[in-house]
Each structure stands twice: as structure tokens, then as C-alpha cells.
Amino acid sequence: MKPENEAELSAGVAGARGPLRVQGGGTRGFQGAGELLETGGLAGIELYEPGALTLVAGAGTPLAEIEAALEAEGQRLAFEPMDHRGLMGTGGEPTIGGVVAANVSGPRRIQVGACRDHLLGVRFVDGTGQVISNGGRVMKNVTGYDLVKLMAGSWGTLGVLSQVSLKVLPKPETQATLAVEIADAGTAVRALSAALGSPFEVSGAAHAEGQALVRIEGFEGSVSYRAGRLAEVLAPFGAVREVAEGAALWTGIRDVLAFHGVPGDVWRISVKPGDTAAAVADFGTGQIVLDWGGGLIWALVPEGTDLRARLRVPGHATLVRAAAGTRARIGMFHPESAPLARIAEGLRARFDPRGIFNPGLMSAPVGA
């Protein structure tokens, strides 16, 4: 099923006689059960007002098309959505609907928030075929239930997105990245926390391949001044140097370049930065990349390893890349607590009473 407009999508869902596997560009590697429902036909930028910092697009619009339009006006999606293809070994084209459905957010989340925080409005089709609209095209327009936030991160288990409205922001004049050689995760998190706790507006804080990395962005004079002051903050942790190819480096952090083409399972773990060192110690083996000041751990481990069972600190562990058998045995998403599970079940019963959307992802935490 590949509808070309919202009316066809509504009719197709209403007439479905079995489960539907909702797919945008197919870049995240999910292979669920049921008839394939592709949203690629729901494409196109429907409204872009650079002066108002707003953009409206069909859910199937390629992310590259949106980024090109924004680039031409000196603007960007500030939440820095990840491209999963290299990590997952997939093809296709990422779509804006897929980005929203998975709430995909990159290193800049620590400064500007997640994808959901830039989402102004949505249109989607629920499990009965009804078209639902919520939010709007301006930043102060939320009435009634905030379904905009609910749909971001629901992984297509509540409805099929047909249109999204987004807040966009200007691109900065320049950026600078500072690096300090630090081997262990605990010391790296302390260095990143010192940078984040400073008044110098850090927009990226990561640890990869033995380096603590800090990014700042803005006007050239401001960046130059803040880079100098941040170097003073980081100096107690080692020699500080400025990285020449900062933009490419942060694209690699965003897309977890270190794990591309490397055998093993990939986990994404969210913890408090203060618990990161303990979590990494619990994992025992594997390669680690830290983002969000240590609050996000990417872990590459031997195939079949259940990191969730080893996690002794509070947090959430998502199995991002693994063989089908491992996914079936362990499950992709961290189990919800009983109260949250009841809420999620109630929401799914309301929005998808027949249980036809992405049944293989029914354990997905609503609003992840």
C-alpha cells in the first residue's frame, strides 16, 4: 500500500483487513509483520516561511529535500536528526515522518531539545481511518490534548503521520570544537559536565575514541571568546586542542560512525550522566560512544549480549541493531513500569483499537 495523498491513506487504513507495517524510507531496519504501508507518496514541502521560522511538509518528504530548502535560506533543523543508514546497513532515504515518529534527535539536543520540542503540528490517520489534526503552524498554538508530543516517538503504533509542521532555526555563523584526550568514561563525563555547567552555551558534549569533545556555535567573535574560556574550564583534565574538521566530527558522533560496518549488536542506553561510569563498568565488554554529556551511551557488544540485564543503574536500554533472533528474544524497547504500561495500552486502544499498526513494536514506549 502506497497512498499518494491523505484521503487514500485514510481509505486504505479503514479498509485494512490485517496488520500494517508502516514505513517511511526504510532506513531504521525494522522488519515487522503485516502488509507494507509506505508513506513515500505523501511527499512535498507544502509551506515554508523563512521569516516565520516554520515549515510544513508531507510525512514522506525526504529529509534531504527539507535540509536543502533550509540550507538555501541559511536555516536548519536545529535538533540535528541522525541518519541511521550507515549504522544499520540499510538503503532508502530518511523521511521527515520517520524522524518525527522515532523522535530522532542528535548531539544538539542538550541545548535546543529533541525533535518533539520543534514539532508545531501534526496530521495523522488513526487505526479506524479517521484523519486527526493537532497543533498548528506557529509556536504558540496548542489547544486541547497535546497529540503533537504524543505522536513524536510513538514509532507508528498510534497512527500514520501524513503531515508535520516544524519550527526551524537560523544556522550559526561558525562553530568550534575543543578536544581533550581522556581514556575513561568517568573522567570524560566530569570534563563534559564542567563544560556544560559553564555559561558558555555548549551545543555538543561527547566522548569517542579516547577524546572528550565540546562544541560551541554562534557568531565568530562570540565563538572565539567562548572557546578560549572553555579551554580554561577543560584545562584541569588535560591538554586542550581545537579540532579542525569539527562539522564532520559531529556528523560522525550523530550517526555513530565508529560502529559502521563493525560486527556486533548496537545498544542505545539513556542514564543520568552521574551513573554513566557505573553503567559502562556493568557492561564489561564492548566499544562505547558517549553523547549528551554522558546521558546517552552507544554500546557495540558481541552478538546476542543482553545489556539490559546488566544495567544496574536507573535507565532505559534500546536494542538498535541485532539479528532477528536476538530482537525476538530480548525485545527492542526497555520494558515499561506497570503504571506507564497501563497508560500506553489505553492510548493504543483508543487510537488503534484493532491493533493493526506496527504490531511488532507494540512494546514501544509511547512518546519515547
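All of these numbers come straight from a predicted model, not from anything done at the bench. (Residues numbered from 1 in each chain as written. Predicted model: local features only at pLDDT ≥ 70, side-chain atom pairs only at ≥ 80, totals over all residues. Heavy atoms only, no water.)

Engineer: When you look at the pairing of strand S3 (residues 45-49) in this model, what are you seeing that I'm missing?
Structural biologist: Moving residue by residue along a regular strand, the side chains alternate between the two faces of the sheet. In this sheet, strand S4 (residues 54-58) lies alongside S3 in antiparallel orientation, the contact comprising four bridges. Bridging across to S4, Tyr48 finds its partner in Leu55. Where S3 hands over to S4, the hairpin turn is made up of four residues, of which Leu53 adopts a positive phi near 60 degrees. (Pairing = 2+ DSSP bridges. Helix = DSSP H or I, 4+ residues; strand = E, 2+ residues; numbered from the N terminus.)

Engineer: Quick question: what am I supposed to make of the sheet that holds strand S8 (residues 160-167) here?
Structural biologist: Sheet strands pair by backbone hydrogen bonding; their relative direction is either parallel or antiparallel. Spatially, five strands are ordered S3-S4-S8-S6-S7 in an open sheet, and the strand pairing comes out antiparallel. In the strand order of this sheet, the two ends are held by S3 and strand S7 (131-135), each with one partner. Taken pair by pair, the neighbouring strands of this sheet meet at an average axis angle of 10 degrees, ignoring direction. Against the sheet, helix H1 (residues 6-14) touches strand S6 (119-125), S7 and S8, its axis set at about 50 degrees to S6. (Axes fitted to C-alpha atoms, helices over the stretch in contact; angles between N-to-C directions. Contact = heavy atoms within 4.5 Å.)

Engineer: How should the pattern of salt bridges be read in this particular structure?
Structural biologist: Any two side chains of opposite charge can pair, given that their charged atoms come close. One pass over the structure, following the stated rule, counts 14 salt bridges. Notably, a salt bridge pairs Glu80 with Arg215, separated by 3.0 Å at the nearest N-O pair. With Glu80 in the loop between strand S5 (75-76) and helix H3 (85-88) and Arg215 in strand S12 (residues 211-218), this pair connects stretches of sequence that are 135 residues apart. Between Asp282 and Arg312 there is a salt bridge, with its nearest N and O atoms 2.6 Å apart. (Salt bridge = Lys/Arg side-chain N within 4 Å of Asp/Glu carboxyl O.)

Engineer: I keep staring at the confidence of the model for the chain and nothing clicks. Help me out?
Structural biologist: Low-confidence regions, as indicated by low pLDDT, have predicted coordinates that should not be scrutinised in detail. On average, the chain scores 90 in pLDDT, and the residues at 70 or more come to 94%. Mean pLDDT across the secondary structure elements of the chain bottoms out at S7, with 85, and peaks at helix H2 (residues 63-72), with 97. Overall, residues 364-368 carries pLDDT values under 50, and its contacts beyond four positions in sequence, including any with other chains, amount to 25 contacts. (pLDDT = per-residue confidence, 0-100.)

Engineer: Help me out: how do you make sense of the packing of aromatic side chains in this one?
Structural biologist: Per the counting criterion, the structure on display carries three aromatic pairs. Ring centres 6.2 Å apart and planes at 50 degrees place the aromatic pair Phe124 and Phe351 in the tilted group. Of the two residues, Phe124 sits in strand S6 while Phe351 sits in helix H13 (residues 338-351), which places them 227 residues apart along the sequence. Just as Phe124 is buried, Phe351 falls in that class too. With centroids separated by 6.5 Å and ring planes inclined at 80 degrees, the aromatic side chains of Phe200 and Tyr225 adopt a geometry described as edge-to-face. Pair noted here: Phe200 is in the loop between helix H7 (185-196) and strand S11 (202-208) and Tyr225 is in helix H8 (residues 220-234), with a separation of 25 residues, a long-range link. Look at Tyr225 and you get partly exposed, because its relative accessible area is 48%. In this arrangement the basic side chain of Arg215 is found over the ring face of Trp250, its NZ or CZ atom lying 4.8 Å from the centre. (Phe/Tyr/Trp six-rings, centres within 6.5 Å; stacked < 30°, edge-to-face > 60°. Buried < 20%, exposed > 50% of the residue type's maximum accessible area, 1.4 Å probe, protein only. Lys NZ or Arg CZ within 6 Å of the ring centre and 35° of its normal.)

Engineer: What is the right way to look at the pairing of strand S15 (residues 287-291) in this model?
Structural biologist: The sheet contact formed by S15 and strand S16 (residues 296-301) spans five bridges and is antiparallel. Directly across from Val289, in S16, lies its bridge partner Trp298. Hairpin connection from S15 to S16: four residues lie between these consecutive antiparallel strands, with Trp292 at a positive phi of about 55 degrees.

Engineer: I keep staring at the layout of surface pockets and nothing clicks. Help me out?
Structural biologist: Size it by volume and the second largest pocket reaches roughly 480 Å³. Every element with two or more residues in the lining of the second largest pocket is listed here: H2, S5, strand S10 (174-181), S12 and helix H9 (246-254). Ranked by the residues each element gives to the lining of the second largest pocket, the list is headed by H9, at five residues. Grouping the constituent residues of the lining of the second largest pocket by class yields six nonpolar, five polar and ten charged. (1 Å grid on protein atoms, 1.4 Å probe; cavity = no way out; pocket = protein on both sides within 12 Å on 5 of 7 lines; lining within 4 Å. Points joined across faces, edges and corners; volume = space filled by probe spheres on them. Nonpolar A, V, L, I, M, F, W, Y, C, P; charged D, E, K, R; others polar.)

Engineer: Please explain the packing of H7 against H8 as it appears in this structure.
Structural biologist: Any two packed helices are characterised by how steeply their axes cross, that is the angle between the axes, and by the distance between the axes. Direction vectors running N to C along H7 and H8 enclose 140 degrees, while the axes themselves pass 9 Å from each other. What the angle tells us is that H7 and H8 run oblique. Judged by the twist between their axes, the crossing of H7 over H8 is right-handed. Within the contact between the two elements, H7 uses Ala191, Ala194 and Ala195 and H8 uses Leu230, Val233 and Leu234. Residues belonging to the contact of H7 with H8 are distributed by class as follows: six nonpolar, no polar and no charged. (Parallel < 35°, antiparallel > 145°, perpendicular 65-115°, else oblique. Left-handed = near helix turned anticlockwise from the far one by under 90°.)

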